[in-house]
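Structure assessment
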Amino acid sequence: MPTQSTSKQLWRDVQVFDGLVQLSEAMTVLVEDGRIAGLWPAREFNEAHAEGAACAGRGGVMTPGLVDCHTHLVYAGNRAGEFEQRLEGVSYEEIARAGGGILSSVRATRAASEDELIAASLPRLDALLADGVTTVEIKSGYGLTVADELKMLRVARRLGQLRPVRVITTLLGAHALPPEYAGRADDYVSLVCDEMIPAAAAEGLADAVDVFCEGIGFSPAQCERIYQAAKAHGLAIKAHAEQLSNLGGSALAARYGALSADHIEYLDEAGVRAMAEAGTVAVLLPGAFHVLRETQLPPIELLRQYGVPMAVASDANPGTSPICMPTLMANLACTLFRLTPREALSGMTAQAARALGRLDLGRIEVGAPADLCLWDIQQPAELAYAVQAGRLRQRVFKGEVVYAR
Ligand code: NIG
Ligand code: FE
């Protein structure tokens, strides 16, 4: 009798969305030693492959584990008061210029210990996991001193040890100008370039560097200095760009080989072309668009025409997107930006992984890490169509069923 190894597991009769294409037939999926070891149309499955495998599930829809490629999950406090102000007509920019907005979260985050930040962030992480996330990017950006930015990144890394999830970290020191540098933005950029980036790189705390290229953030010239420092330290590059205006931040990022340019509501054709040429992913953040009640739509049709890969992320943060539900983002990407459900799901799996430079993730293909979700639905499009918690039957991380309902 062969012994039944729990490291070899089989799912039968599942409808598979592989990250790019929905496979139309019922499939059999074999997972061994943390990786996808086989994928067959059910009727072609040779039972010899099942030897030693436990049947872990039958029926339902299997997708790659969701990849949330843009979040600001680590912060203290909340900004419900600003939400009310904005509903009364005060703009996001006005609140920021008056010292609220990001700086309000900076005050709360600076005052919090690592343990307090863990306690504040874990429920948000758990909400993402309950909605199928297996990889999450977490940015700093509410510390804005070397010590507080590193504190945030350490908390992000610790979250990845506390829960079965891959955490990718991004240093966003250039998120806002801290009050102690008022009128000295270039000096602050020097701090980011000469101290923050080297320290984060030396401690292995950051996988990438991001900037907020905007009138209320940093100029393209300042962002360029940060990109040069990031490159010098071997870190990948990302951008918050063209969210509230067009400063050419996406094209700049693309020139530096950025993994992604994110938000991009005000992106023009030259920017789209630059991103296409560089292979820079367009990360769409419909939660921020929705919460800020924006009306300027990202140039979806141009992105399609130029073949720019489109990812979709939650942007979970206390200001513009206090929403920890990636499947709602898929819905909003369709309803607000007119993505097809398949584009939205690719955007939260294969394309999101690409936006993190992880071409091995977000796909169901032989050899890929077995980060998977099994959903109690009939077809993948339902994940974008209906907004409903509790449809996740199993979450599989590195080949282990880490959540089962
Ligand atoms: O992605 N735009 C800049 N950064 C965040 C918002 C951060 C905040 O308001 O706290 C964003 O929308
Ligand atoms: Fe963001």
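Residues numbered from 1 in each chain as written. Chains lettered and ligands numbered in written order. Predicted model: local features only at pLDDT ≥ 70, side-chain atom pairs only at ≥ 80, totals over all residues. Heavy atoms only, no water.

Notes on the coordination of the iron ion (ligand 2)
- Coordination sphere of the iron ion (ligand 2), protein contribution only: His70 (NE2), His72 (NE2), His240 (NE2) and Asp315 (OD), at 2.1 to 2.3 Å.
- Spacing between the donor residues of the iron ion (ligand 2) along their common chain follows H-x1-H-x167-H-x74-D. Separated by 75 residues along the polypeptide, His240 in strand E10 (residues 236-241) and Asp315 in the loop between strand E13 (310-312) and helix H12 (326-337) bring together distant segments of the chain. You'll find His240 and Asp315 in the same group, each marked buried. (Donors = N, O, S within 2.8 Å, 3.2 Å for Na, K, Ca; no water. Helix = DSSP H or I, 4+ residues; strand = E, 2+ residues; numbered from the N terminus. Buried < 20%, exposed > 50% of the residue type's maximum accessible area, 1.4 Å probe, protein only.)

What to know about the site of ligand 1
- Within the structure, ligand 1 sits among 15 residues, and Arg79, Tyr92, Tyr142, Gln243 and Thr320 are positioned closest to it.
- Here a nitrogen atom of ligand 1 sits 2.7 Å away from a polar atom, N or O, in the side chain of Gln243.
- Here an oxygen atom of ligand 1 sits 2.9 Å away from a polar atom, N or O, in the side chain of His263.
- Isolated, ligand 1 exposes 330 Å² of accessible area, and the fraction of that covered by the protein chains is 100%.
- The residue makeup of the shell around ligand 1, split by class, is four nonpolar, nine polar and two charged. (Near = heavy atom within 4 Å. Polar contact = N/O pair within 3.5 Å; in protein donor to acceptor, adjacent residues only side chain to side chain. Areas by Shrake-Rupley, 256 points an atom, 1.4 Å probe, with all protein chains shown as cover. Nonpolar A, V, L, I, M, F, W, Y, C, P; charged D, E, K, R; others polar.)

A short note on the pattern of salt bridges
- In total, this model carries 25 salt bridges according to the counting rule given.
- Close ionic contact of Arg154 with Glu114 constitutes a salt bridge, the shortest N to O distance being 2.9 Å. Linking Arg154 in helix H5 (residues 146-162) with Glu114 in helix H4 (residues 114-130), this pair joins segments that are 40 residues apart in sequence.
- Judged by its relative accessible area of 30%, Arg154 is partly exposed.
- Close ionic contact of Arg363 with Glu365 constitutes a salt bridge, the shortest N to O distance being 3.7 Å.
- Under the relative-accessibility criterion, Glu365 is labelled partly exposed at 32%.
- If you follow the salt bridges from partner to partner, you end up with Glu114, Asp115, Arg154, Arg158 and Glu203 in one network. (Salt bridge = Lys/Arg side-chain N within 4 Å of Asp/Glu carboxyl O.)

Digging into the domain arrangement of the protein chain
- For the protein chain, the domain assignment lists domain 1 (8-64 + 365-404) and domain 2 (66-355).
- The C-alpha centroid of domain 2 is placed 31 Å from the C-alpha centroid of domain 1.
- At the interface, 26 residues of domain 1 touch 24 residues of domain 2.
- Note on domain 1 versus domain 2: buried area summed over both sides is about 1,900 Å², and carbon and sulfur give 66% of it. (Domains from an automatic or database assignment. Contact = heavy atoms within 4.5 Å. Buried area = accessible area lost by both parts, 1.4 Å probe.)

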